[in-house]
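# Overview (structure and organization)
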Amino acid sequence: MRIAMRRIYQTAVTLTLAAAASAALALSLSDLSNQDASSGLKAALQKGADVAVSKLGVENGFLNNDKVKIGLPSVLDKAMPLLRMTGQGQKLDDLVVSMNHAAEQAVPLAKPLLLNAVKSMSVTDAKNILTGGDTSVTDFFKQKTSAQLGQKFLPIVKGVTDRNGLSAQYNSVMGQVGKTGMVPAQQSTVEGYVTQRALDGLYTVIGDEEKAIRQDPVGAGSAIIGKVFGALK
């Protein structure tokens, strides 16, 4: 009888401790301090920036990633069969390669600006960003960095794309087409088009990382990220 009672007691204690531990882990966002929310969000922002730059800012980072690979503008892509018949196919293929390499060379310039954006985030903004949806972290980066990054990317991209013999021809033709309103203004030059696509690719990868963190906070490998984003579950 005593052994049976002892086992019942031990089981009850174990269940009580487990329930307490579960309750401690089951935090809601309202349970987090502003400091925790800010620290967790900043850690997630930095992780997203690090992952995006490390994936894209390397050789073939864009070219081998179908999700962000920079192809020809649609107006040229539609004309590809005709252009190949006139012997321009290889040159256009080479232009695609040079555009993607230009983006890869520009992306590392993003890291300091992305990290500065992380530092500029106020504590009072943190919870609003956390609850703003699956891409609110990425939207924050866009708002804070896109204009400056565009300015920094453009000369790097131009330096690379200018080496391709078709760039000048592209700019001449697309500049004329652009006046008709058939293509967006940013596609009227190779460097403008690639710069915009490079930014799109950067934010796409940051967004993918943000979604992964939100889906599996513990898997992010950071205690504070796990705590803060786990509270959103």
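Further up the page is the structure itself.
Along each chain, residue indices are assigned from 1 in the same order as the chain's sequence is written. Only residues with pLDDT of 70 or above have their local features reported here, since the model is predicted, and side-chain atom pairs are shown and tallied only from 80 upward, although totals for entire chains, interfaces and linings are computed over all residues. Side-chain numbers here rest on the full set of heavy atoms in the structure, without hydrogens or water.

Assignment of secondary structure puts Glu209 in helix 10 (residues 190-215). Assessed through its relative accessible area of 12%, Glu209 is described here as buried. Within polar-contact distance, the side chain of Glu209 engages the side chain of Lys47 at 2.6 Å. Contacts were defined at the residue level, with two residues in contact if any of their heavy atoms lie within 4.5 Å. The contacts of Glu209, once residues within four sequence positions are left out, are Lys47, Gly48 and Val51. Strands here are runs of E lasting at least two residues and helices are runs of H or I lasting at least four, both read from the DSSP assignment and numbered beginning at the N terminus. Note on exposure labels: buried denotes an accessible area under 20% of the residue type's maximum, exposed denotes more than 50%, and partly exposed covers the range between, all computed with a 1.4 Å probe on protein chains only. Polar contact is defined as a pair of N or O atoms within 3.5 Å, subject to the rule that within protein one atom must be able to donate a hydrogen and the other to accept it, and that residues adjacent in sequence are counted only when both atoms are side-chain atoms.

Here is the rule: rings of Phe, Tyr and Trp (six-membered ring for Trp) pair when centre to centre is within 6.5 Å. Planes less than 30 degrees apart are stacked, more than 60 are edge-to-face, and the remainder are tilted. This structure, assessed with the given rule, holds one aromatic pair. Arranged with centres 6.3 Å apart and planes meeting at 45°, the rings of Phe140 and Phe141 form a pair that is tilted. Here Phe140 matches Phe141 in class, with each residue buried.

The subject of this paragraph is the environment of Ser54. Checked against the element boundaries, Ser54 lands in helix 2 (residues 34-56). Expressed as a C-alpha distance, the spacing of Ser54 and Val107, which sit 53 residues apart in the sequence, is 9.2 Å. Polar side-chain contacts of Ser54 include one of 2.9 Å to the backbone oxygen of Val51.

Residue count minus one, scaled by 1.5 Å, sets the expected span of a helix. For helix 8 (residues 136-161), spanning 26 residues, the distance from its first C-alpha to its last is only 33 Å, which falls clearly below the expected 38 Å at 1.5 Å a residue. Buried within helix 8 are the following residues: Ser136, Val137, Thr138, Phe140, Phe141, Thr145, Leu149, Gly150, Phe153, Val157, Val160 and Thr161.

With that out of the way, let us pick up the packing of helix 6 (residues 110-120) against helix 8. Each pair of packed helices can be summarised by the angle the axes make with each other and by the distance between the axes. In contact at an axis separation of 10 Å, helix 6 and helix 8 are set at 150° when each is read in the N-to-C sense. Taken together, the axes of helix 6 and helix 8 lie roughly antiparallel to each other. For helix 6 against helix 8, the interelement crossing comes out right-handed. Taken together, the residues of helix 8 that come into contact with helix 6 (itself represented by Ala110, Leu113, Leu114, Ala117, Val118 and Ser120) are Phe140, Phe141, Lys144, Thr145, Gln148, Leu149, Lys152 and Phe153. Structural elements are reduced to axes, namely lines fitted to C-alpha atoms, with helices fitted over the stretch in contact, and the angle between N-to-C directions of any two is expressed from 0 to 180 degrees. The scheme is simple: roughly parallel for angles under 35 degrees, roughly antiparallel for over 145, roughly perpendicular for 65 to 115, oblique for anything else. Helix crossings fall into two classes, left-handed where the near helix is turned counterclockwise from the far one by less than a right angle and right-handed where it is turned clockwise.

Orientation of helix 8 relative to helix 10, taken along the N-to-C sense of each, is 145°, at an axis distance of 8 Å. Note on packing geometry: the crossing formed by helix 8 with helix 10 is right-handed. Residue polarity is assigned by list, with Asp, Glu, Lys and Arg as charged and Ala, Val, Leu, Ile, Met, Phe, Trp, Tyr, Cys and Pro as nonpolar; anything else, Gly included, falls into the polar class. The residue makeup of the contact of helix 8 with helix 10, split by class, is 13 nonpolar, nine polar and five charged.

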